[in-house]
Each structure stands twice: as structure tokens, then as C-alpha cells.
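Single-letter residue listing:
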Amino acid sequence: MDVGTVGGIIGGILGLAGGAIGTYASIRNTAGPRERQFMVRTAIVAWVVVTLFLILLFVLPNPYRWLIWIPYGVALPLAIVSLNRKQQAIRSEEQRTRQS
């Protein structure tokens, strides 16, 4: 194996480990059951979408493999902002419920 292949394998393993740790931390740091359920669903959807994106990136021929970056690059930041707002709304609602 050459250096590039080894680097690719190590980078892939580190990327998956980082994603798994980040997913675990996001679920663990929730404040209530409804927020936790939301984060679990969101994490599952995110893992499926990113996996599908990577599969398409490897199997599509040029130039289509480059064109899938357009919807991904637009949808990812929009989804992050939207889901963060939704999570904060759930957290605030659960906090109000606990205080009542």
C-alpha cells in the first residue's frame, strides 16, 4: 500500500470516529426526553443523508458527481440553522414545562 491509501484509510476511520463521538455528545447533552428523541431522529437522518451523499459521490460519473455538491452545499447550512432553532424551541418548551 502506498502512503495515499494508508492516509485515506486512517482519515476515513478518524472521520467516522469523530462523527460517532459528535453524535454521542449531541444526544448525551440534551436537557429532556423530547429533545433527546429529536436529536436521535436528527442524527439518524443526518447519517443516512451523508452516507447517501458519499455513495453518490463515488458512483456517479463526471460531471454529475460534482453537481451533487450544489444541493448538498445549500441544504446542509439551511438544515443546520433550522434544526438548531427547532432544538432550542424544544429545550425552551421543556424548561418552561419543568418550571410550571
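Since the model is a prediction, treat every value here as computed from it, not as a measurement. (Residues numbered from 1 in each chain as written. Predicted model: local features only at pLDDT ≥ 70, side-chain atom pairs only at ≥ 80, totals over all residues. Heavy atoms only, no water.)

J.: Explanation requested: the layout of surface pockets in the structure shown.
T.: Over the atoms a probe the size of a water molecule is rolled, and this reveals where empty space is left. Size it by volume and the largest pocket reaches roughly 750 Å³. In terms of lining, the largest pocket is formed by 27 residues, of which the most central are Thr-42, Ala-46, Val-50, Leu-76 and Leu-83. Within the residue set of the lining of the largest pocket, elements represented by two or more residues are α1 (3-28), α2 (33-59) and α4 (69-99). The element that contributes the greatest number of residues to the lining of the largest pocket is α2, accounting for 12 residues. Of the residues assigned to the lining of the largest pocket, the class counts are 18 nonpolar, 8 polar and 1 charged. (1 Å grid on protein atoms, 1.4 Å probe; cavity = no way out; pocket = protein on both sides within 12 Å on 5 of 7 lines; lining within 4 Å. Points joined across faces, edges and corners; volume = space filled by probe spheres on them. Helix = DSSP H or I, 4+ residues; strand = E, 2+ residues; numbered from the N terminus. Nonpolar A, V, L, I, M, F, W, Y, C, P; charged D, E, K, R; others polar.)

J.: Explain the pattern of salt bridges to me, please; I cannot follow it from the model alone.
T.: Working definition: two side chains of opposite charge can pair if their charged atoms are close together. Scanning the model with the defined rule gives 2 salt bridges in all. Across the salt bridge formed by Arg-34 and Glu-93, the nearest N and O atoms sit 3.0 Å from each other. Residue Arg-34 is found in helix α2, and its partner Glu-93 is found in helix α4; the two are separated by 59 residues along the sequence. A residue is classified by how much of its surface remains accessible, and Glu-93, at 36% relative accessible area, is partly exposed. Two residues, Glu-35 and Arg-91, come together in a salt bridge whose shortest N-O distance is 2.7 Å. Note that Glu-35 is positioned in helix α2 and Arg-91 in helix α4, a separation of 56 residues in sequence. The class for Glu-35 is buried, based on a relative accessible area of 0%. (Salt bridge = Lys/Arg side-chain N within 4 Å of Asp/Glu carboxyl O. Buried < 20%, exposed > 50% of the residue type's maximum accessible area, 1.4 Å probe, protein only.)

Geometric values such as these leave the question of function open.
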